[in-house]
Each structure stands twice: as structure tokens, then as C-alpha cells.
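# Inside the fold
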Amino acid sequence: MSNENKLLVSDIQRFCTHDGPGVRTVVFLKGCPLRCPWCANPESLEARQELYYIKNKCIACGECIKACPEHCISVTDKHVVVERDTCTHCFLCTGVCPATALQIKGRWYTADELVEQVLKDQEFFDRSGGGLTLSGGEVLAQAAAAEILLRRIKQLGIHCAIETSGFARWKNLGRILPFCDLVYYDIKMADAERHLSVTGQDNKIILNNLFAAVKEGANIVIRLPMIPGRNMDDDNINALIKMLLPYNLPVEPLVFHQLGKNKYSAVGKPYEMENAAVSKKEDLASIAERLKRAGLKVIL
Ligand code: SF4
Ligand code: SF4
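Residues numbered from 1 in each chain as written. Chains lettered and ligands numbered in written order. Predicted model: local features only at pLDDT ≥ 70, side-chain atom pairs only at ≥ 80, totals over all residues.

### Points about the nonpolar core
Soluble, globular proteins show a tendency: their nonpolar side chains are buried together. Just so we agree on the cut-off: The nonpolar core is taken to be a set of buried Ala, Val, Leu, Ile, Met, Phe, Trp, Tyr and Cys residues joined by way of C-beta atoms within 7 Å. Counting other C-beta atoms within 10 Å of each residue's C-beta, where C-beta atoms are placed from the backbone, gives the exposure class: buried for 20 or more, exposed for 12 or fewer, partly exposed between. Each helix is a run of H or I in the DSSP string that is no shorter than four residues. Each strand is a run of E no shorter than two, and both are numbered from the N terminus. By the convention adopted here, residues make contact when the C-beta atoms placed from their backbones lie within 7 Å.
Grouped together as the largest cluster of nonpolar side chains are 59 residues, with contacts concentrated most on Leu7, Ala146, Leu149 and Cys180. The greatest single-element share of this core, amounting to seven residues, is contributed by helix H5 (residues 143–155). Each residue touching Ala146, except ones within four places of it in the same chain, is listed here: Leu7, Leu134, Val139 and Ile176. In terms of nonpolar packing, the next biggest core, distinct from the first, is built from 10 residues, Ile73, Cys97, Ala101 and Leu102 among them.

### A short note on helix H8 (residues 204–215)
Heads up, the condition is: By this rule the span expected of a helix is its residue count minus one, scaled by 1.5 Å. By construction, the arc corresponds to the directions joining the helix axis to the C-beta atoms.
Along its 12 residues, H8 runs 17 Å from first to last C-alpha, staying within 8% of the 16 Å computed at 1.5 Å per residue. Residues of H8 that are buried: Ile206, Asn209, Leu210 and Ala213. For H8, the buried positions fall inside an angular range of 105° around the axis, keeping them on one side. Exposed residues pointing more than 90 degrees away from the buried face of H8 are listed as Lys204, Asn208 and Lys215. Residues of H8 that are buried make contact with helix H6 (170–176), strand E10 (182–186) and strand E11 (220–225). Downstream of H8 by one or two residues, Gly217 has phi in the positive range, about 85°.

### Some details on the packing of helix H3 (residues 111–119) against H5
This is how it is decided: For helices, the fitted axis covers only the stretch in contact; all axes are lines through C-alpha atoms, and the angles between them, taken along N-to-C directions, range from 0 to 180 degrees. Roughly parallel means an angle under 35 degrees; roughly antiparallel, over 145; roughly perpendicular, 65 to 115; everything else is oblique. Crossing handedness follows the turn of the near helix against the far one: under a right angle anticlockwise gives a left-handed crossing, and clockwise gives a right-handed one. Asp, Glu, Lys and Arg are counted as charged, while Ala, Val, Leu, Ile, Met, Phe, Trp, Tyr, Cys and Pro are counted as nonpolar; the rest, among them Gly, fall into the polar class.
H5 packs onto H3 with a crossing angle of 40° between their chain directions and a minimal axis gap of 10 Å. What the angle tells us is that H3 and H5 run oblique. Where H3 crosses over H5, the two elements pack in a sense that is right-handed. Contacts between H3 and H5 involve Ala111, Leu114, Val115 and Val118 from the first element and Ile148, Leu149, Arg152 and Ile153 from the second. Its residues assigned to classes, the contact of H3 with H5 comprises seven nonpolar, no polar and one charged.

### Remarks on the sheet that holds strand E12 (residues 250–254)
Applied cut-off: Strands were regarded as paired on the criterion that DSSP finds at least two bridges between them.
Within the open sheet, the nine strands sit side by side as E7-E1-E2-E8-E9-E10-E11-E12-E13. Their pairing is mixed. With partners counted over all chains shown, the strands left at the sheet margins are strand E7 (107–109) and strand E13 (297–298), one partner each. Pairing between strand E8 (residues 131–135) and strand E9 (residues 159–164): four bridges, direction parallel. Within E9, the residue paired with Thr133 across the bridge is Ala161. Running over the sheet, helix H11 (residues 281–293) touches E12 and E13 and is turned about 165° from E12.

### Points about the domain arrangement of the protein chain
The cut-off we apply is this: An automatic or database domain assignment supplies the start and end points of every domain.
According to the domain assignment, the protein chain contains domain 1 (7–47 + 106–298) and domain 2 (50–105). Its residues assigned to classes, the side of domain 1 that touches domain 2 shows two nonpolar, four polar and two charged.

### Some points on the pairing of strand E1 (residues 7–16)
Relative to E7, E1 runs antiparallel, the two sharing three bridges. Residue Leu8 lies in a different strand from E7, and its bridge partner there is Trp108. As paired elements, E1 and strand E2 (residues 24–29) share five bridges and run antiparallel to each other. Directly across from Val9, in E2, lies its bridge partner Leu29.

### Some remarks on unusual backbone geometry
In this structure, the amide linkage connecting Gly136 to the following residue, Gly137, adopts the cis form with an omega of 5°. The residue Gly137 is located in the loop between E8 and H5 in this model. Phi at Asn5 is positive, roughly 65°, even though this residue is not glycine. Relative to the elements of secondary structure, Asn5 occurs in the segment before E1. By C-beta crowding, Asn5 is classed as partly exposed, having 13 other C-beta atoms within 10 Å. Backbone geometry at Phe91 places phi at a positive 65°, although glycine is not the residue there. Note that Phe91 resides in the loop between strand E5 (79–82) and helix H2 (92–96).

### A closer look at the environment of Gly200
Take Gly200: it is sitting in the loop between helix H7 (192–199) and H8. The exposure class of Gly200 is partly exposed, given the 14 C-beta atoms found within 10 Å. Measuring from C-alpha to C-alpha, the distance between Gly200 and Ala60 comes to 37 Å, with 140 residues separating the pair along the chain. Dropping the residues within four chain positions of it, Gly200 is found in contact with Leu34 and Arg35.

Quick look at the structure:
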């Protein structure tokens, strides 16, 4: 069956309170063109279904080894090692795992199926002013299907928000803006070369899209992930202030945490931030104070 007009989803979380007003259902989409080493959702990076291994569920029974036609699974120290380069994503191993330690991450949903999920909490949305937030991964990487879903949810009178890196063709952002009550727009670094070296892409498209979205009158909150050792230095903060002041948009500095750490091994990806400190509240408060003093509207 074709996946046209469907969304590839890594997770759906209900009763969220941090990604928009009120109580929200957050749908995490799969596939992102950036590779920020601090990403808390590594299971949302690849734009395909992938094998997800939850180590502490594994009972080392070896059933997956017998089931794998590619012979790419072995057991070491009572846990499973998958040769990801050889894995063909047939997912036969997930079907025989008695402990659900091996799972398929990523499921295709039609707009109808997602509307049904979202409507489960309509009563809470009505009471709290909440709604749907599309996060990721990168929502703009699935813009056509996202537009269909957002249009449907808006028609039901439910608040819609997206969280985006802004890295996409303008037409992908432009087509869904009319259905977004709120856009969280992540800005990581002001300098294009630093942005390229850390995230794998420079920020020219991101900044051009921001400019165009502001011109379209989008309701935007700039999110600034503050990552110790990566972008909290004076050079970057000063450059961000200079760049963002003319927009007069609210900015929300975000703390770095280690909550995504175990998910890297679950998808077989290296985790570069193993030894990084979490952002301290006082450091974040001091950056927020600098942003405020410079004239930016800060949300904390
Ligand atoms: S999904 Fe990969 S590891 Fe699992 S059975 Fe298929 S080839 Fe083997
Ligand atoms: S089948 Fe599941 S529980 Fe058994 S070894 Fe494989 S991952 Fe572990």
C-alpha cells in the first residue's frame, strides 16, 4: 500500500505542556536534514522505519539471531548487537522477540488516523486552550502530508503549532503556515560556518525562511537551544542578539539535558554529548538576562 499523504511518526505524546499553550498532543515526525549532536530525539532523525533496541528489556534468549536472514545479530554480554550496515530493515527479528526489546520505530499514519488520536483529548484542549503540536524530526520534511493534517485539525477549531528548524524549501514552510497558530522556530547559531560544522548544514536557508515567515505574519517564537561548549559563548550570543533584534520576536532559551542519551544506542547511533554538562539554570538565567538587557522579549 502506498504511503502517499501519510505521515511517518516516531511517537505520539499526550498531555504535554511545554510545546504550546494548554494541554497538547505532540506528534513527533521522523526524518530531519540536520544532525545536531545534542538532539534529544535521535529516533526521529532517519526518514524511514528503523530497528529500535531497548537493552534493559532484553532477556538474551537468542530468538532474534535465529530469525535474522542477514545474520547480522549477535549476543555479547547478555545484550544484542546489530550490525546496522548489514540490516535490511525486514523487521523479522521484532516479530520473534518475546520481550519486545526489538521494536520497529516509525509508523505511517493517515490524516484520519491522526485526527482520531488528537480528538481523544479535545475536552482537555477546549478547557485549556491546547491542541496539536507537530514536532520531530523536521515537520517540513513531510510538508505535504503535514498540510493535510493541519488543515483538518484547524477546521475542527483546534489550536495548531509546529516546531521546526526552518531548514527546507520555502514552499514547504509557506504551504503550512496558514494552518499554524504558532511556530516554534529553532535558531542554533548565527554564524553560517559554525552552523555547518556542527549541524551539517549552514543556516542561510533557515534565516531566509525566517525572514519570509515573518513577512507572512506568522506567529513565531524563536527557540534557542543553549548547549554548553557548543553555542553559549559570547561570540554566538552577541551575534544572535544582533541578528534577532530587528525581528522583535519572543525568544525562548532552552536547557540542554541528557534525556535522549539511551535512545542513541537504541537506534545504533554514536552519542557525542556523553560527557557534556547539562545547562545550568544560573547560566541560562544569565543568558536570558543578557538577551533581555539587549532588548529581546524573553520567555522562560
Ligand atoms: S531487521 Fe535487520 S537485524 Fe532484524 S532480522 Fe531484519 S535484517 Fe536482521
Ligand atoms: S529476541 Fe529479544 S529478548 Fe531475545 S535476545 Fe533478541 S532482543 Fe533479546
